[in-house]
Amino acid sequence: MLQDAPNMESVCCNIVDYATFSHGRNLNGTGLHKMKSAAKFLGIKLGSPENSMVNGMRLHEKIPLKSPMSGISVKVLFEFLHGSPSNEEIAYLAAHLALKSIVGKKSYSRVTKEFLLCRMAGFVSPKDMPELPEYLKKYFLRWHFDKLKCELTDRYGWLTYGRYTRGFFVSRELTLKKLIKNVEMKRQKFRKEQQKKAQAAALSEVLKELENSPTP
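Residues numbered from 1 in each chain as written. Predicted model: local features only at pLDDT ≥ 70, side-chain atom pairs only at ≥ 80, totals over all residues. Heavy atoms only, no water.

Trainee: Teacher, can you tell me more about the overall build of the chain here?
Mentor: Along the backbone of the chain there are 8 helices and 3 strands. For the chain, the α and β elements follow one another from N to C terminus as α-α-α-α-α-β-α-α-β-β-α. Once the C-alpha set of the chain is aligned to its principal axes, its extents read approximately 90 × 40 × 35 Å. For the chain, the proportion of its 216 residues judged to be buried stands at 36%. At a minimum sequence separation of 6, the contacts of the chain that also span at least 24 residues come to 54%. With 36 positive and 21 negative side-chain charges, the chain shows a separation of 7 Å between the mean positions of the two kinds. (Helix = DSSP H or I, 4+ residues; strand = E, 2+ residues; numbered from the N terminus. Buried < 20%, exposed > 50% of the residue type's maximum accessible area, 1.4 Å probe, protein only. Contact = heavy atoms within 4.5 Å. Lys, Arg positive; Asp, Glu negative; His and termini not counted. Charge placed at Lys NZ, Arg CZ, Asp CG, Glu CD.)

Here it is, written out as structure tokens:
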């Protein structure tokens with residue numbers, strides 16, 4: 001649904017219809033009764049339950065069941081629907097939702113710039129994305145991307161850390177100290193494993209050379 005951004009009216013209306021239809025599927029009653037009950041449960045007022053049901057059904061048929069999912073509060077959703085957010089504010093929200101879809105239930109995760117931008121654009125992976133939307137292209141530049149990361153911390157509580165690695169690590173569950181500790185412990189473990197593999201490979205070569213060398 002983020003593929004329609006920065007048209008937030010389309011994005012937010014699709015989110016409302018999809019969420020309401022999705023919740024209503026598990027309720028008893030007719031289609032319209034389900035939609036109205038789901039909307040009441042979610043605290044949403046539908047302008048046209050009939051149109052929302054049709055659009056929600058369309059989105060369910062269009063979007064694969066195993067697609068990456070995120071979540072947004074009703075308050076934030078309607079702030080962006082009825083407000084006049086700038087393209088920058090839309091990008092920050094898209095980045096927040098993208099990170100939620102990437103991290104999922106994990107306490108932290110590694111993210112690359114390319115992967116984050118493709119999720120911000122509403123695609124599963126870079127290979128699925130035909131072209132980055134115009135309003136997101138500037139975030140390929142380091143200054144704008146660094147500002148994006150700062151805004152993710154200030155606005156949405158994401159902590160970031162990166163040192164000698166491709167991409168960076170993010171978390172909203174861990175403290176910054178715990179995030180750094182986990183990353184560095186994982187790095188040390190990886191380095192030790194690489195050293196062991198290198199030693200094992202070297203030993204194997206030496207043993208083969210000794211086996212093939214003539215006996216003195």
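Trainee: How should I be thinking about helix H2 (residues 31-42) in this particular structure?
Mentor: Owing to its 3.6 residues per turn, the α-helix brings residues three or four apart onto one side. Between its first and last C-alpha atoms H2 spans 17 Å; for 12 residues at 1.5 Å apiece the expected length is 16 Å, and the two agree. Buried residues belonging to H2 abut helix H1 (8-24) and helix H3 (49-62). Gly-43 occupies a position one or two residues after H2 and carries a positive phi of about 75 degrees. (Expected span 1.5 Å × (residues − 1).)

Trainee: Where do I start with a nonpolar patch on the surface in this structure?
Mentor: A cluster of nonpolar residues, Leu-203, Val-206, Leu-207 and Leu-210, forms a patch on the protein surface that exposes about 370 Å² of accessible area. If you trace the backbone, Leu-203 turns up in helix H8 (residues 176-212). (Patch = residues over 30% accessible without salt bridge, like charges linked within 9 Å, V, L, I, M, F, W, Y side chains within 5 Å. Areas by Shrake-Rupley, 256 points an atom, 1.4 Å probe, with all protein chains shown as cover. Salt bridge = Lys/Arg side-chain N within 4 Å of Asp/Glu carboxyl O.)

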